[in-house]
Amino acid sequence: MESYLVDITLILDSTVRLAVPLILACLAGLYSERAGIVDIGLEGKLLAGAFAAAAMSAVTGSAWLGLLAGIGAALMFSGIHGLASINFKGNQTISGVALNFLAAGLTTFLGQSWFKRGGYTPQLSGDQRFNPITLPFANELREVPIFGQIYWELISGHNIITYFAFIAVPVTAWVLFRTRFGLRLRAVGENPKAIDTAGISVTLLRYQALIITAVLVGIGGAYLSIAQSAGFNNNMSAGRGYIALAALIFAKWRPGPALLVCLMFGFLDAVQFRIQGQVFPIIGEVPVQAIQALPYVLTVILLAGFIGRAVAPKASGIPYTKER
Amino acid sequence: MTALPRWADVVLLPLLNVVLAFLVGGLIVLAVGQNPLQAVGIMLYGAFGYGSGFGYTLYYTTDFIFAGLAVSLAYHAGLFNIGPEGQAYVAGLGVILIGLALNGTHWAIVFPLMIVCGAAFGALWAFIPGYLQAKRGSHVVITTILFNFIATSMMGFLISRVLKPAGVNSDESAPLDAMTRVPQLRTFIELFKNSPVNLTFFLAIIALVFIYWLIWRTKFGYSVRALGKNPVAANYAGISNQKMIMIVMAMSGMLAAMVAVNNVGGVQGRLILNFVNGAGFVGIAVAFMGRGHPVGVGLSALLFGILYQGGQELAFQMPGITREMIVTIQALVILFTGAMGDMLRAPLARLLTPSSSTTGAK
């Protein structure tokens with residue numbers, strides 16, 4: 001019994017760790033898509049953020065400066081996306097695809113040029129990373145059965161970005177549904193003309209959304225390279241941006257469900273390592289690849305309308321042109 | 001949209017966009033303290049300077065023509081197929097299955113069957129997203145991305161668990177006999193030394209001509225373009241949009257599938273993990289750069305062939321520049337010719353027709 005509890009807390013603990021970048025990227029996507037901008041480029045921003053954070057942290061020795069650099073890189077990418085899709089009224093999907101390749105190419109290219117380690121940044125340690133925080137009384141309560149175990153293993157001992165990600169969910173819900181800015185943001189994604197008629201700048205609102213997106217996804221990228229790992233390696237986002245996009249669709253563009261879906265995808269990721277080679281009753285051995293593909297398959301099924309219906313914000317993907 | 005003279009619209013604007021992409025790429029190379037002109041020189045030498053280099057250039061070009069045509073055909077119907085990568089990967093299964101089933105048979109019989117069988121598998125993998133958009137309303141952009149990932153997992157499982165023969169260490173299928181493989185051009189032409197360019201290259205040239213004929217010279221092509229320009233009008237004119245979406249996606253998948261014929265049938269002679277290696281994604285850049293026209297697609301595919309083969313040479317000669325610089329160029333090309341394709345339109349129009357600035361204002 002006791003060992004089962006340890007097992008479950010360990011899996012849940014890694015679920016949390018694996019879900020954090022998904023949560024941040026998913027919330028990031030939520031802001032732009034709610035404002036009517038499709039963001040296929042999340043993957044690229046995540047990767048660029050991870051690289052910039054690790055590079056800056058390696059050079060300056062400060063994780064906080066690394067975090068800022070991660071956000072900065074994501075902001076630059078958001079800026080390009082904004083230029084292409086808001087100002088030049090280009091195709092947002094194409095722009096996003098371009099950004100993903102740009103990140104994949106640039107991070108490896110610059111990484112090799114700057115650090116000459118085959119695309120890796122130097123190993124980070126100490127203050128170059130965000131280290132685990134032990135919450136008050138965690139060590140004292142550790143010996144308390146069940147509760148102590150859960151508090152010490154699952155709730156305490158994460159880094160600051162993890163706690164930030166979980167706080168960002170209710171904050172996003174509040175901003176989106178309880179503030180004037182949130183109302184306008186949702187309106188510009190559903191009916192930009194109404195916003196324009198009310199005398200509010202569609203361009204400004206959409207840029208604001210893109211900035212919030214960049215900040216969140218930049219933090220998510222930094223988490224990958226300077227909190228979860230100790231440095232950057234090639235293509236370390238490994239499709240998480242796309243999974244976040246899938247989670248966003250799955251959650252029907254709502255913050256609360258987004259958290260749950262990201263945790264579910266994180267859980268699938270966590271168990272994938274554990275079930276390798278294990279034989280289960282009735283079903284036998286489950287191939288790792290089946291678990292890997294599950295988030296994508298589930299999203300396809302959802303998109304096809306077999307389990308509920310996911311309807312995107314109405315003006316999503318359409319550049320706004322004032323009538324002349 | 002500002003009107004431009006036709007020659008400027010068809011030639012000048014796309015050319016300027018490509019030049020812009022390469023200029024930015026050059027600046028990035030300059031920024032890390034390397035000489036972009038020297039890099040270009042080395043790349044051109046790598047791509048054309050010697051026989052096997054040239055052969056490799058044509059081999060890459062073959063892949064990129066098919067992937068570029070796959071994206072272009074779908075784009076003419078208003079569909080953005082991001083999935084040639086996965087479609088080609090799954091098509092590899094069709095190619096290897098027929099190849100292994102007839103292993104030892106002469107290639108003249110197997111080659112056409114590989115095309116058919118690969119095309120069937122690629123078509124299926126693209127048809128499903130097409131069906132889901134036509135009948136269930138989910139967008140192909142998202143579903144084709146998801147299908148790329150599903151393909152990676154599925155093929156990974158099939159290769160490492162099902163197709164891998166006992167006693168083999170690396171994850172790959174059993175090999176095809178030499179006589180069953182699509183013959184490489186070096187067996188006829190001494191020049192190509194040890195490069196993998198094979199008969200599939202000519203298939204790519206045929207595909208270019210065929211797609212031109214199909215899109216601009218047939219009723220079907222007219223329907224495709226009508227659907228892409230204005231789905232409502234197309235529907236009103238009696239075209240079944242749903243049917244067209246499914247057919248076009250399936251055909252797009254067939255074109256992507258030929259990447260598998262080139263690689264599985266003609267180069268590796270076995271099914272290996274991730275053999276597509278990004279060629280499907282290059283197709284996106286090729287399609288936008290070539291503006292969906294077979295002439296443009298052929299030229300851009302050649303350009304990317306030069307970049308990929310030349311990039312290989314570059315990695316040897318200039319250690320400061322990795323091959324990933326090519327991916328950066330690819331991204332910039334997609335950005336400037338695809339997403340920001342109209343950025344220079346207004347300034348260009350002002351430059352070319354000075355009077356339009358007064359007529360344009362209200």
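Residue positions are given per chain, counting from 1 as you read along its sequence in written order. Starting at A for chains and at 1 for ligands, labels are handed out in the order in which the entities are written. This being a predicted model, a pLDDT of at least 70 is required before a residue's local features are given, and a value of 80 or more before pairs of side-chain atoms are given or counted; all residues contribute to the totals for chains, interfaces and linings. Where side-chain values are given, they derive from all heavy atoms of the structure, hydrogens and water being excluded.

**Examining the overall build of chain A**
Link 1 in the chain: Strands are runs of DSSP state E lasting at least 2 residues, helices are runs of H or I lasting at least 4, and numbering of each runs from the N terminus. A count of helical and extended segments in chain A gives 13 helices and 2 strands.
Link 2 in the chain: For 324 residues, the compact-globule estimate of 2.2 N^0.38 gives 20 Å, and chain A sits close to it at 20 Å.
Link 3 in the chain: For every residue, the accessible area obtained with a 1.4 Å probe (protein chains only) is divided by the maximum for its type, and the residue is called buried under 20%, exposed over 50%, and partly exposed between those limits. Considering chain A as a whole, with its 324 residues, one finds that 57% of them fall into the buried category.
Link 4 in the chain: Residue pairs in contact within chain A that sit at least 24 positions apart in sequence constitute 77% of those at least 6 positions apart.
Link 5 in the chain: Of the accessible surface of chain A, which amounts to about 13700 Å², a share of 65% is contributed by carbon and sulfur atoms.
Link 6 in the chain: A distance of 14 Å separates the average location of the 22 positive side-chain charges in chain A from that of its 15 negative side-chain charges. This radius of gyration counts C-alpha atoms alone. The globule rule is 2.2 Å times how many residues there are, raised to the power 0.38. We call two residues in contact when some of their heavy atoms are within 4.5 Å. For the area figures, the Shrake-Rupley method with a 1.4 Å probe applies, and any residue is considered shielded solely by the protein chains shown. The charge count includes Lys and Arg as positive and Asp and Glu as negative, but it does not include His or the ends of the chains. One atom stands in for each charge, and that atom is NZ of Lys, CZ of Arg, CG of Asp or CD of Glu.

**Describing the interface of chain A and chain B**
Link 1 in the chain: Each partner contributes to the interface: chain A provides 43 residues, whereas chain B provides 44 residues.
Link 2 in the chain: The term buried area means the drop in 1.4 Å probe accessible area that two parts suffer when joined, counted for both and summed. Both sides together, the interface formed by chain A and chain B hides about 3500 Å², and carbon and sulfur atoms give 79% of it.
Link 3 in the chain: It is Ile94, Phe101 and Phe109 of chain A in chain A that bury the most area against chain B; as a group they hold 20% of the surface buried on that side.
Link 4 in the chain: In what follows, salt bridge is the name for a side-chain nitrogen of Lys or Arg lying within 4 Å of a carboxyl oxygen of Asp or Glu. Put simply, chain A and chain B have 0 salt bridges between them.

**Side note on the confidence of the model for chain B**
Link 1 in the chain: The quantity known as pLDDT measures the predictor's confidence residue by residue, on a range of 0 to 100. The share of residues in chain B with pLDDT of 70 or more is 97%, and the mean pLDDT across the chain is 90.
Link 2 in the chain: Taken together, the stretch residues 356-362 of chain B has pLDDT below 50 and engages in 4 contacts with residues farther than four places along the chain or on a different chain.

**Focus: a nonpolar patch on the surface**
Link 1 in the chain: A surface patch of nonpolar side chains, about 450 Å² in accessible area, is lined by Val10, Val11, Leu15, Val19 and Leu23 of chain B.
Link 2 in the chain: You can see leucine 23 of chain B is positioned in helix H1 (residues 6-31). Patch membership is restricted to residues that have no salt bridge and whose relative accessible area is over 30%. Joining uses 9 Å for like charges and 5 Å for the nonpolar side chains Val, Leu, Ile, Met, Phe, Trp and Tyr.

**Overview of the pattern of salt bridges**
Link 1 in the chain: Using the criterion set out here, one finds 6 salt bridges over all chains in the structure.
Link 2 in the chain: One salt bridge connects arginine 17 of chain A with aspartate 13 of chain A, and the closest N-O pair in it is separated by 3.0 Å. Here arginine 17 of chain A pairs with aspartate 13 of chain A, and both are found in helix H1 (residues 2-34), just 4 residues apart, close to one helical turn.
Link 3 in the chain: If you follow the salt bridges from partner to partner, you end up with Asp9, Asp342 and Arg345 of chain B in one network.

**Regarding helix H13 (residues 324-339) of chain B**
Link 1 in the chain: To estimate the expected span of a helix, count its residues, drop one, and scale the result by 1.5 Å. With 16 residues, H13 of chain B should reach 22 Å at 1.5 Å per residue; the first-to-last C-alpha distance of 21 Å fits that figure.
Link 2 in the chain: Of all 16 residues in H13 of chain B, 15 are buried; the element is thus mostly enclosed.

**Some remarks on empty space enclosed by the protein**
Link 1 in the chain: Of the grid points, spaced at 1 Å and generated over the protein atoms alone, those admitting a 1.4 Å probe that cannot get out make up cavities, while open sets with protein on both sides within 12 Å along at least five of seven lines make up pockets; any residue with an atom within 4 Å of a point is treated as lining. Grid points are joined across faces, edges and corners, and a volume is the space filled by probe spheres set on the points. Enumeration over the complete set of coordinates arrives at 1 cavity of 30 Å³ or more.
Link 2 in the chain: By volume, the largest cavity is sized at about 40 Å³.
Link 3 in the chain: Tyr242, Leu245, Ala246 and Ile249 of chain A together with Ile142, Ile145 and Leu146 of chain B together form the lining of the largest cavity.
Link 4 in the chain: The leading source of residues in the lining of the largest cavity is helix H11 (residues 240-250) of chain A, at 4 residues.
Link 5 in the chain: Classifying every residue of the lining of the largest cavity by side-chain character gives 7 nonpolar, no polar and no charged. Three categories are distinguished: nonpolar for Ala, Val, Leu, Ile, Met, Phe, Trp, Tyr, Cys and Pro, charged for Asp, Glu, Lys and Arg, and polar for the others, with Gly belonging to the last.

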